[in-house]
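Close look at the chain arrangement
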Amino acid sequence: MKVGIVDDRQIDLDKMHAIISSMSEVEIIFSTTSAQDAYEQIKRETIDVLIADIEMPDLLGYELADLIHSHALDISVIFVTANSGYAVHAFELNVHDYIMKPYPKERLIHSMERLLEKSKSAEMKGRLYLKQKNDIHILQKKDIVFIERSGRSTTIYTKNEAIKTYLTLNELEGELRERDFIRSHRSFIINIHYVTNFSLYAKNSYVVSFDGIDEKAMITKDQVKFIQENYF
């Protein structure tokens, strides 16, 4: 499980870092006293959990959680704070936990352990089940490079195969809520993890090239801008 930590007080940050780094199955991706830096890291790095103070200069912890919530990022949030006044807003943002300072290390460890158990039970949700006339294909979502809708059928491309289904892009988009997947165009869903190049095709669209396959997808100019602002 990949974790990002932010607290503007170095002593509190060091405490969280020491507790989290002592846990197996957990990797700290970033640890910072700047909420703005944490925001930039979230756009660049893939994390599963953000542990954040709330009251910080320039950007509040709950504003970070707001950004995660509004962009539908698959990141759980744990608030560690001395202020109980944000609990209602935290509930509205569906944060995983709200820990009051000062706290014993066991309190944070227990919260993380609950997340680890939750992630293990969700592993099967990382698969896509495609029922066809005589077959059921089971795909790892992470292996999907892109999806194309053409006529009345949809083709799902991986590095090894192309699978046709009658599921619509809207139906598949509902199944692919992971951060890597973007509805790039009315006829395409792409996994930006595999993207290697955007080539200008027309005034408002680009051709997308991918690592490992020759097939191409399309992306609108607006979605290229969205990716630049939120992923890089």
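The structure reproduced in this document is the subject of the present report. Just so it is clear, the model here is predicted, and its values are computed rather than measured.

1. Digging into the sheet that holds strand E9 (residues 153–158)
- Taken together, the 5 strands give an open sheet; going across it, the order is E10-E9-E8-E12-E11, and neighbouring strands pair in antiparallel fashion. The open sheet has two edge strands, strand E10 (162–165) and strand E11 (181–185), and neither has a second partner. Here the strands of the sheet are splayed against their neighbours by 20° on average, with no regard to which way each runs.
- As judged from the 6 bridges shared by strand E8 (residues 144–150) and E9, these two strands associate in the antiparallel manner. Counterpart to isoleucine 144 in the pairing with E9 is threonine 158.

2. Description of the layout of surface pockets
- As a volume, the second largest pocket reaches approximately 190 Å³.
- For the second largest pocket, the lining is made up of 10 residues, of which Arg44, Thr46, Asp180, Ile192 and Tyr231 are closest to its centre.
- Here the residues of the lining of the second largest pocket sort into 3 nonpolar, 2 polar and 5 charged.

3. As for the packing of aromatic side chains
- Enumeration according to the criterion identifies 5 aromatic pairs in this entry.
- Relative to tyrosine 86, the ring of tyrosine 62 lies with its centre 5.4 Å away and its plane at 35°, an arrangement referred to as tilted. Remark: tyrosine 86 occurs in the loop between strand E4 (76–81) and helix H4 (87–92) and tyrosine 62 occurs in helix H3 (residues 61–70); sequence separation between them is 24 residues.
- Tyrosine 62 gets classed as partly exposed once you look at its relative accessible area, which sits at 22%.
- Judged by centre distance (4.9 Å) and plane angle (5°), the ring pair of phenylalanine 146 and phenylalanine 210 falls under stacked. Here phenylalanine 146 is found in strand E8, whereas its partner phenylalanine 210 is found in strand E14 (residues 205–210), with 64 residues between them in sequence.

Definitions and cut-offs
Residues numbered from 1 in each chain as written. Predicted model: local features only at pLDDT ≥ 70, side-chain atom pairs only at ≥ 80, totals over all residues. Heavy atoms only, no water. Pairing = 2+ DSSP bridges. Helix = DSSP H or I, 4+ residues; strand = E, 2+ residues; numbered from the N terminus. Axes fitted to C-alpha atoms, helices over the stretch in contact; angles between N-to-C directions. 1 Å grid on protein atoms, 1.4 Å probe; cavity = no way out; pocket = protein on both sides within 12 Å on 5 of 7 lines; lining within 4 Å. Points joined across faces, edges and corners; volume = space filled by probe spheres on them. Nonpolar A, V, L, I, M, F, W, Y, C, P; charged D, E, K, R; others polar. Phe/Tyr/Trp six-rings, centres within 6.5 Å; stacked < 30°, edge-to-face > 60°. Buried < 20%, exposed > 50% of the residue type's maximum accessible area, 1.4 Å probe, protein only.

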